[in-house]
Amino acid sequence: VARWRRQAEFNLRSVTENLPVIVSEGDSWFQFPFLLDDVVDQLKPDYLVWSLDAAGDTAQNMVYGATEYMRHLIELKPRNVRAFLFSAAGNDVIGEDALGKPVLATLLKTYSKGQSAAWHIDQARLARVLTFLEQAYRDVVATIRKDSDFATLPIVIHGYDYAIPGGFQDDVRDPAWASQDKWLGSAMRAKNITDTGLQQEIIRILIDALYDTLGRVAGDPKKTHVHLVDLRGTLKIGEWADEIHPTNAGFKKVAKAFRKVLKQAGVPAQPSA
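Cut-offs and rules
- Within any chain, residue numbers begin from 1 and follow the written order of that chain's sequence.
- Only residues with pLDDT of at least 70 get local features here, since the model is predicted, and only at 80 or more are side-chain atom pairs given and counted; chain-wide, interface and lining totals rely on the full set of residues.
- To get the side-chain values, all heavy atoms of the structure are used, and hydrogens and water are removed first.
- Salt bridges are counted wherever a side-chain nitrogen of Lys or Arg sits within 4 Å of a carboxyl oxygen of Asp or Glu.
- For helices the rule is a DSSP run of H or I covering at least 4 residues; for strands it is a run of E covering at least 2, with both sets numbered from the N terminus onward.
- Multiply 1.5 Å by the residue count of a helix minus one, and that product is the helix's expected span.
- Using a 1.4 Å probe on the protein chains alone, a residue whose accessible area is under 20% of its type maximum counts as buried, one over 50% counts as exposed, and one in between counts as partly exposed.
- The arc under discussion is defined with respect to the helix axis, by the directions toward the C-beta atoms.
- Contacts are assigned to residue pairs with any non-hydrogen atoms lying within 4.5 Å of each other.
- Helix axes use the C-alpha atoms of the stretch in contact, all axes being lines fitted to C-alpha atoms, and the angles between their N-to-C directions lie in the range 0 to 180 degrees.
- By the definition used in this description, the sense in which the near helix is turned from the far one sets the handedness, with an anticlockwise turn below a right angle giving left-handed and a clockwise turn giving right-handed.
- Note on ring pairs: Phe, Tyr and Trp rings are taken, using the six-membered ring of Trp, and paired if centres are within 6.5 Å. Classes follow the plane angle, with under 30 degrees stacked, over 60 edge-to-face and the rest tilted.
- In this scheme, the term charge over a ring applies when either NZ of a lysine or CZ of an arginine sits within 6 Å of the ring centre and within 35 degrees of the ring normal.

Student: Before we move on, can you summarise the pattern of salt bridges with the specific residues and values?
Tutor: Considering all chains together, one arrives at 19 salt bridges under this definition. One salt bridge in this structure joins R216 and E134, with 3.1 Å as the shortest N-O distance. On the criterion of sequence distance, the pair formed by R216 in helix 8 (residues 196-218) and E134 in helix 6 (residues 123-145) is long-range, its members being 82 residues apart. Salt bridges sharing common partners tie together R6, E9, D38, D41, K44 and D53.

Here's what the structure looks like:
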């Protein structure tokens, strides 16, 4: 229903509004139905966004399952698509699997006193996840580039911000759609990782590793036309609606970073004269 509403709005607005056209394929940061104004919602005043996004979607499904993005890019050629936004790594690192269980539980070792944050991460398992994600992102880029009309189309990706595990004392977040510790805190406590400082350091390591991976995919954007939005350190604790999703104000800050990168990629908010 959320997708239908967005696409109906796109068709209506495109009749009267001369704004840059963007195609987006992503997870809940691009489509959080009804309850939060996500990245795409925040970009709508300045762009016409054809949204293929779905909360809970995974890289596996987006790249090797439904694979909708290329068909829609081709169909929208007459609209002069200016950029492609892709958000597909969250549910493979800090979100939930296809069964709704925290992915983080598969990436952690059981707590051991005196060991570092890095030690508590199953590095072999993490390496497999990141290798898969790197190949998936490269496959998306390669698929788009096979069409000569999209040889230099800006592809914009991101690696999220340093999420904050929930369920600690004085955690003020109280989302109606999830428990305070649904994705991160519960998985960590199941491994007896209870120190909040250690929890947050583990998340920092995971997010940094994801950015290293996506950075290799992007390479030099002047050559690859793949642009990485670095959102690390963007959000404060009060700007997280739950463990892994920003508040409306938080998403507004995230969208500002996307606008900056889009402008650098030659897709400013307003069309050139």
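Student: Let's hear about helix 10 (residues 248-264): which residues, and what values?
Tutor: The end-to-end C-alpha distance of helix 10 is 24 Å, a good match for the 24 Å that 17 residues give at a rise of 1.5 Å each. Among the residues making up helix 10, those that are buried are G250, F251, V254, A255, A257, F258, V261 and L262. For helix 10, the arc enclosing every buried residue in end-on projection is 155°, short of the 170-degree limit, so these residues lie on one face. Facing away from the buried side of helix 10 by over 90 degrees, the exposed positions are K252, K256, K260, K263 and Q264. Immediately beyond the C-terminal end of helix 10, within one or two residues, lies G266, with a positive phi of roughly 90°.

Student: Lay out the environment of A163 with the relevant residues and their values.
Tutor: Checked against the element boundaries, A163 lands in the loop between strand 4 (155-158) and helix 7 (185-190). Considering only alpha carbons, one finds A163 and Q42, 121 residues apart in sequence, at a separation of 20 Å. Setting aside residues up to four positions removed in sequence, A163 forms contacts with I94, L184, I203, W240, E243 and I244.

Student: How would you sum up the packing of helix 6 against helix 8? Please name residues and give values.
Tutor: Packing of helix 6 against helix 8 leaves a shortest axis separation of 9 Å and a crossing angle of 35°. By crossing handedness, the relation of helix 6 to helix 8 is classed as right-handed. Facing L126, L130, L133, E134, Y137, R138 and V141 of helix 6, the residues of helix 8 in contact are L206, A209, L210, T213, L214, R216 and V217.

Student: So what's going on with unusual backbone geometry? Residues and values would help.
Tutor: In the Ramachandran plot, N192 falls in the positive-phi region, its phi being about 65° despite a non-glycine side chain. In this fold, N192 is placed in the loop between helix 7 and helix 8.

Student: Give me the packing of aromatic side chains: which residues, what numbers.
Tutor: Applying the stated criterion to the full structure yields 10 aromatic pairs. When the centroid spacing of 5.1 Å and the interplanar angle of 80° are considered together, the rings of F10 and W50 count as edge-to-face. Of this pair, F10 sits in helix 1 (residues 2-16) while W50 sits in strand 2 (residues 48-51), placing them 40 residues apart in sequence. Over the ring of F150 we find K77; its NZ or CZ atom is 5.4 Å from the centre of that ring. Directly above the ring of Y162 sits R204, whose terminal nitrogen or CZ lies 3.9 Å from the centroid.

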